[in-house]
Amino acid sequence: MKRLHFKLEATASGSRARAARLTTLHNEVLTPTFMPVGTHAAVRAQRREDLLASGAQVLLANTYHLMLRPGVEIFEKFGGIHRFMNWPRSVLTDSGGFQIFSLPGSRTLSEECAEFKSYVDRTTIRLSPERSIAVQKAIGADIMMALDHCVPSTVERGVAQQAMELTHRWALRSLAARGDSAQALFGIVQGASYPDLRADSARAITQMPFEGYAIGGLAVGEGSEEREDCTAIVTELLPEDRPRYLMGVGTTRDLLEAVHRGVDMFDCILPTALAKQGVAFTSLGRRDLRRAAYRGMEGPIDPACSCYTCNTYSIAYLFHLNRVREAQGWQLLGLHNIHFYMRLMRSMREHILADTWLSFYRSQRDVLDARDSYGRPATHVTKAQRQKLKLKLGRYEVITRDGIGQIRDMTSGEVMHPVNDPAEEARSLYVEQSRLVQRLGDPEAPPLVVWDVGLGAAANAMAAIQAVETMPMREGARRLNLVSFESDLNSLVLALRHPGWFKHLRHPAPPRLLAENRWTGTAAAVDWLLLSGDFTVTKFDAPLPDLIFFDPFSFKTDRALWTLAAFRELKSLCADKAVELFTYTYSTSVRAAMLAAGFYVAKGRGTGPKAETTIGLTPRAAAMPHDRELLGEEWLGKWRRSDAQAPPGIHTADESWRAAITEHPQFRTRD
């Protein structure tokens, strides 16, 4: 049975860049091609009509997430994803293998399968090669992916080899599970950043009768040169007559380099994820609409683009939408970015077919993904003005107090850690109070997962890392899995420019984290992962925590994170674990929200002018022996007399939250 027709049309002179055609069950796909990511059967903030107009030929959806919501039964009812989302072209489904990588603390892994806790209802989900393929068949993907075991590209060789060999065994099981389905199936090459393992994996996977081959496990910790070298090693060993897919990569420059090395297909969330931050990809490089230089600028975001956004709106208007955080700004920039990616792919194809690829490649290398260095013509800037400009980035600026740097939000006027030394506060309030070092003392225990909610200038994260690095090195020490969440990285970028004022950043970890979204310690057992974006969304991609350092910038700037609904979702997510949450506030309304959500709430140690802070415990944590001082009847009496009884975010007449507080088990009379 011929499940996927592939025709190689041209290979560029002096390069491995290829142009080809592949035919799926739904349409013909011209390569090189980029696949917008529609994880939940929708590309974030984008209409179907705009995706079709952009020339998108294939969308990517995620098996793991779709298995949980809307569920297999919905796809069976609708006859597959195409009718469900009314998409007439091809769909490729990821197998769920990336979740095995991204949720290490929330799953167990065996030869048979990976087991997860559903973030929807906390039931146990078993994801085996057979289950993954069964779900992908029900979804009705044109191209399915074999289940693989992805690990960080910087792991030890032994770990990388074991994951690679498990991937090979699972690949054979995936092929067997596919049976006589007409859907195409791609195998995945693993091997981390080890050239010999990559070559071994490519040779092993290409011995199996897949319709195409993917390169997985890149863009998860390695540098761009390592990624490009690994890509070249693998493509040299892949058959000429099958499509090649580089998973999860990347920037426009990444795509150019990978096409040069013989890759045909790509996917990445960047076009829409960066659009949400106000960043546009253009023919002259990136444009960052957080820059005030665009406030009154006329003309389109990209003068060479003919998409709806560029034909309709000025840069100044898009700047305005981004500044006021209007969702339409995200949608319009995302539309443009996807159009730009698609146009870039078409240009690459045209130059390959015309055999002018090398000149195109050389002309674009330094242009694509160039950072925002153009805009209004520069005027003379004094030395004092230049120094002042270095102290600002986006909505943040650096101020100093007694030689210690602080970050100020120029929009709200608020300052991170306005009174205390940020590093000292982090050590006291989060590291010491959580007993982080003591918890890491058991080498037999699974990795300790700490959520750092509100990375900011990385004071809390670095306090945790430095505490671990002062521990005696022991064989098999318990690992710390530190997951930082942040929606705006400018505060950290700005602080890194001034290590003299931010002494905790004099460490190789923060710049590596910014560059690669991950850092693994060599002097201590620490894995540090960055999940940028909206915490209400990204928390579902993180391993479940044992500890939460809950430190958003402020109630004023991050109000959505302090609501009753937000705490209810967080408590539900952590319901099956003994989790403790530490936060700097002792606001009556925030404590009310935590209690109404089902947390047990205790007094935390004071910091600066605050007599106390707050500790939240899940019911499982509260049921275990502890010495936390839970709020009692005295606090309840003060709450009843307070003018701030209602949790943040209450806008309805439903007052069931009151009973949830007054009848909370922690206020029942204790013997």
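Here is a short report on the structure shown in this document. (Residues numbered from 1 in each chain as written. Predicted model: local features only at pLDDT ≥ 70, side-chain atom pairs only at ≥ 80, totals over all residues. Heavy atoms only, no water.)

Considerations on the overall build of the protein
Note the threshold: Elements are defined by DSSP. Helices are runs of H or I of four residues or more, strands are runs of E of two residues or more, and each kind is numbered from the N terminus. Using C-alpha atoms as the atom set, the radius of gyration is obtained and then compared with a globule rule of 2.2 Å times the number of residues to the power 0.38. Each residue is assigned to one of three classes by its accessible area relative to the maximum for its type, calculated with a 1.4 Å probe on protein chains only: buried under 20%, partly exposed between the two thresholds, exposed over 50%. In this description, contact between two residues means that some pair of their heavy atoms is separated by no more than 4.5 Å. Computed with a 1.4 Å probe, the accessible areas rest on the Shrake-Rupley method; for each residue, only the protein chains presented here act as cover. Only four residue types enter the charge count, namely Lys and Arg as positive and Asp and Glu as negative; His and the chain termini do not. A charge is said to be at NZ when it belongs to Lys, at CZ for Arg, at CG for Asp and at CD for Glu.
Assigned secondary structure in the protein consists of 26 helices and 28 strands. Taken against the 2.2 N^0.38 rule, which gives 26 Å for 671 residues, the C-alpha radius of gyration of the protein at 26 Å falls within 12% of a compact globule. Structurally, the protein occupies a C-alpha span of about 75 × 65 × 55 Å along its principal axes. Across the 671 residues that make up the protein, the buried fraction comes to 57%. At a minimum sequence separation of 6, the contacts of the protein that also span at least 24 residues come to 71%. A total of about 27600 Å² of accessible surface is found on the protein, and carbon and sulfur atoms cover 51% of it. If the 82 positive side-chain charges of the protein are averaged to one point and the 76 negative ones to another, these points end up 4 Å apart.

Focus on the sheet that holds strand E8 (residues 114-117)
The line we're drawing: The criterion for strand pairing is that DSSP finds at least two bridges linking the strands in question. Note on definitions: angles span 0 to 180 degrees between N-to-C directions of axes, and those axes are lines fitted to C-alpha atoms, for helices only across the stretch in contact.
Pairing is antiparallel in the open sheet, where three strands are placed in the order E7-E8-E9. The open sheet is flanked by strand E7 (107-109) and strand E9 (124-127), the only strands paired with a single partner. Strand after strand, the sheet turns through a mean of 15° between neighbouring axes, direction not considered. Where E7 lies against E8, three bridges are found, and the strand directions are antiparallel. For Leu-109, the partnering residue across the bridge sits in E8 and is Ala-114.

Observations concerning the environment of Val-437
Along the polypeptide, Val-437 turns up in helix H17 (residues 436-439). With 27 residues separating them in the primary sequence, Val-437 and Ala-464 have C-alpha atoms 8.7 Å apart. Dropping the residues within four chain positions of it, Val-437 is found in contact with Ala-467 and Met-471.

Remarks on the nonpolar core
Just so we agree on the cut-off: To define a nonpolar core, start from buried Ala, Val, Leu, Ile, Met, Phe, Trp, Tyr and Cys residues and group those joined through side-chain atoms within 4.5 Å.
Residues Trp-357, Trp-451, Leu-480 and Trp-528 are the most contacted members of the largest nonpolar core, which totals 164 residues. Ignoring sequence-local partners within four residues, the contact set of Trp-357 consists of Ala-12, Ser-15, Ala-17, Leu-256, Val-259, His-260, Met-348, His-351 and Ile-352. The next biggest cluster of nonpolar side chains, apart from the first, holds 19 residues, and it includes Phe-6, Met-35, Val-37 and Leu-92.

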